Amino acid sequence: MFNDIGALELLTLVVLAVLVFGPEKLPKVIQDVTRTIRKIREFSDSAKEDIRSELGPQFKDFEFEDLNPKTFVRKQLMDGNDDLGLKEIRESFDLRKEMAEVTDAVNGRESAPSTGTAAAASGVAAASGAAATPDLLKKPDQPAKDDRPPFDADAT
């Protein structure tokens with residue numbers, strides 16, 4: 001709970017407590033605060049146990065932290081519950097590979113042939129002797145200096 005309090009902040013709180021309550025009353029105030037925190041924890045734990053006992057045996061694994069939407073989604077989607085086949089979808093989707101292919105296409109470099117359907121399709125086309133489909137991502141060859149394009153580049 002207080003993991004982010006440093007030594008300087010703690011020292012400041014102690015000095016402030018001594019100034020506000022005085023050195024005589026400070027031990028009694030600390031005892032009262034710790035007793036109050038202990039009672040609140042006991043009340044909270046007993047309330048949780050009462051709710052669990054009222055829900056019945058089918059909710060024995062119920063945790064109140066699961067009511068947090070972030071925790072609920074993480075538990076349902078990311079953990080071992082794979083009723084929807086999400087694990088296979090997550091493993092098949094490789095964002096780094098997709099981004100590398102897009103980057104290569106934008107920069108005009110040849111990307112490594114992807115496994116799966118594209119490689120199988122190119123193998124089938126090469127084996128059947130059919131003309132390969134043009135690579136739309138590849139930059140066209142530059143025309144020779146004497147050749148004029150069949151259109152006016154400034155007009156388009």
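In short, a report on the structure. (Residues numbered from 1 in each chain as written. Predicted model: local features only at pLDDT ≥ 70, side-chain atom pairs only at ≥ 80, totals over all residues. Heavy atoms only, no water.)

Some remarks on a nonpolar patch on the surface
Our working definition: Each patch groups residues whose relative accessible area exceeds 30% and which form no salt bridge, using 9 Å between like charges and 5 Å between nonpolar side chains of Val, Leu, Ile, Met, Phe, Trp and Tyr. Accessible surface is estimated by sampling points in the Shrake-Rupley manner with a 1.4 Å probe; for residues, cover comes only from the protein chains shown. The term salt bridge refers to a side-chain nitrogen of Lys or Arg lying within 4 Å of a carboxyl oxygen of Asp or Glu. Numbering of helices and strands runs from the N terminus, with a helix taken as a DSSP run of H or I at least four residues long and a strand as a DSSP run of E at least two residues long. Only protein chains enter the accessibility calculation, which uses a 1.4 Å probe; a residue whose area is less than 20% of its type maximum is buried, one above 50% is exposed, and one in between is partly exposed.
Nonpolar side chains collect at one region of the surface, where Ile-5, Leu-10, Leu-13, Val-14 and Val-18 lie side by side and expose about 400 Å² of accessible area between them. Residue position: Val-18 is located in helix 1 (residues 7-55). Looking at Val-18, the relative accessible area reads 33%, which means it is partly exposed.

Some remarks on the pattern of salt bridges
Here the structure, examined in full by the defined rule, presents 3 salt bridges. Across the pair Asp-32 and Lys-28 runs a salt bridge, and its minimum N-O distance is 3.6 Å. Pair noted here: Asp-32 and Lys-28 are both in helix 1, with a separation of 4 residues, about one helical turn. For Asp-32, a relative accessible area of 29% puts it in the partly exposed group. Look at Lys-28 and you get exposed, because its relative accessible area is 52%. In this structure, Glu-49 and Arg-52 form a salt bridge, with 3.4 Å as the shortest nitrogen-oxygen distance. Placement of both Glu-49 and Arg-52 in helix 1 is noted, with a separation of 3 residues, approximately one turn of the helix. When salt bridges with common partners are traced through the structure, they connect Lys-28, Asp-32 and Arg-35 into a single cluster.

Some details on helix 4 (residues 95-107)
Given 3.6 residues per helical turn, the α-helix brings residues three or four places apart onto the same face. To keep things clear, this is the line we draw: For a helix, the expected span equals 1.5 Å multiplied by the residue count minus one.
Taking 1.5 Å per residue as the helical rise, helix 4 with its 13 residues ought to reach 18 Å, and the 18 Å between its terminal C-alpha atoms agrees with that figure. Positive backbone phi, at 80 degrees, marks Gly-108, one or two positions downstream of helix 4.

What to know about the layout of surface pockets
Put simply, the test is: Both site types are read off a 1 Å grid over the protein atoms alone. A 1.4 Å probe that fits but cannot get out defines a cavity, while an open set with protein on both sides within 12 Å along at least five of seven lines defines a pocket; lining residues have an atom within 4 Å of a point. Grid points are joined across faces, edges and corners, and a volume is the space filled by probe spheres set on the points. Polar here means any residue other than Ala, Val, Leu, Ile, Met, Phe, Trp, Tyr, Cys and Pro, which are nonpolar, and Asp, Glu, Lys and Arg, which are charged; Gly is therefore polar.
Its volume calculated, the second largest pocket comes out at about 310 Å³. Every residue lining the second largest pocket is counted, 12 residues in all, and those nearest its centre are Leu-10, Leu-13, Val-14, Ala-17 and Ile-30. Taken together, the residues of the lining of the second largest pocket sort by class into 12 nonpolar, no polar and no charged.

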